[in-house]
Amino acid sequence: MRCDVDRVRETDTGTDTGDDVADRSRDDRGAATVVAVGLVGAIVLVASLVVPLLGAFITSQRAANAADAAALAAADASAGIVAGVPCELAAELAARNGASLTACALDGPVAEVSVNASVLGLVISARARAGPPGWVG
């Protein structure tokens, strides 16, 4: 079978005819790039919304843990199990757990504390109560 080289050269001269322009407008080259850039943008947007929410959730858990530890320390000191001033121990334990003690109240061997922790300028509060079970006060 013989190939007509001159005929192939005539059709591939690089001159723009109406058919060539129509063929190029239907060309899908680069479409995947646009889709990929859109997907990356969507992922970045979702991540920028989710990360602060997760940070707030983690901080709320950290504040709750700090409040629990502070209340237990204050209750133990109040009952004489641990040496020290109850609310000072509560403040120290809250600070060790990444929070600050905002309130400390003692009613016999029962301690009630409140702590604050912050993330991204948002202040998260937590409260805890510790003491012997069934204590009416």
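A short tour of the structure in this document, coming up. Since the structure is predicted, the reported quantities are computational estimates derived from the model, not experimental observations.

1. Some thoughts on the overall build of the chain
Each helix and strand in the chain was counted, giving 4 helices and 3 strands. When the elements of the chain are put in sequence order from the N terminus, they spell out α-α-α-α-β-β-β. The buried share among the 137 residues of the chain stands at 20%. At a minimum sequence separation of 6, the contacts of the chain that also span at least 24 residues come to 43%. Accessible surface for the chain amounts to roughly 9,700 Å². Of this, 60% is attributable to carbon and sulfur atoms.

2. Some details on a nonpolar patch on the surface
A grouping of Leu-45, Val-46, Leu-49, Val-50, Leu-54, Phe-57 and Ile-58 is seen on the molecular surface, where their side chains present a nonpolar patch of about 690 Å² in accessible area. Along the polypeptide, Val-50 turns up in helix H3 (residues 31-79).

3. Describing the side chain of Thr-59
Here Thr-59 is to be found in helix H3. What Thr-59 contacts, discounting residues up to four positions off in sequence, is Ala-117, Ser-118, Val-119 and Ile-124.

4. Side note on the pairing of strand E2 (residues 110-119)
Taken residue by residue, a regular strand's side chains alternate between the two faces of the sheet. In terms of burial, E2 is largely enclosed, as 7 of its 10 residues are buried. Bridge count between strand E1 (residues 100-107) and E2: 7 bridges; the pairing is antiparallel. Looking at the pairing, Ala-105 lines up with Glu-112 of E2. Pairing analysis gives 9 bridges linking E2 to strand E3 (residues 122-130), with the strands arranged antiparallel. Bridge assignment links Ala-111 to a residue of E3, and that residue is Ala-130. Where E2 folds back onto E3 in an antiparallel hairpin, the turn is made up of 2 residues, including Leu-120, whose phi is positive at roughly 50°.

Calculation notes
- Residues numbered from 1 in each chain as written.
- Predicted model: local features only at pLDDT ≥ 70, side-chain atom pairs only at ≥ 80, totals over all residues.
- Heavy atoms only, no water.
- Helix = DSSP H or I, 4+ residues; strand = E, 2+ residues; numbered from the N terminus.
- Buried < 20%, exposed > 50% of the residue type's maximum accessible area, 1.4 Å probe, protein only.
- Contact = heavy atoms within 4.5 Å.
- Areas by Shrake-Rupley, 256 points an atom, 1.4 Å probe, with all protein chains shown as cover.
- Patch = residues over 30% accessible without salt bridge, like charges linked within 9 Å, V, L, I, M, F, W, Y side chains within 5 Å.
- Salt bridge = Lys/Arg side-chain N within 4 Å of Asp/Glu carboxyl O.
- Pairing = 2+ DSSP bridges.

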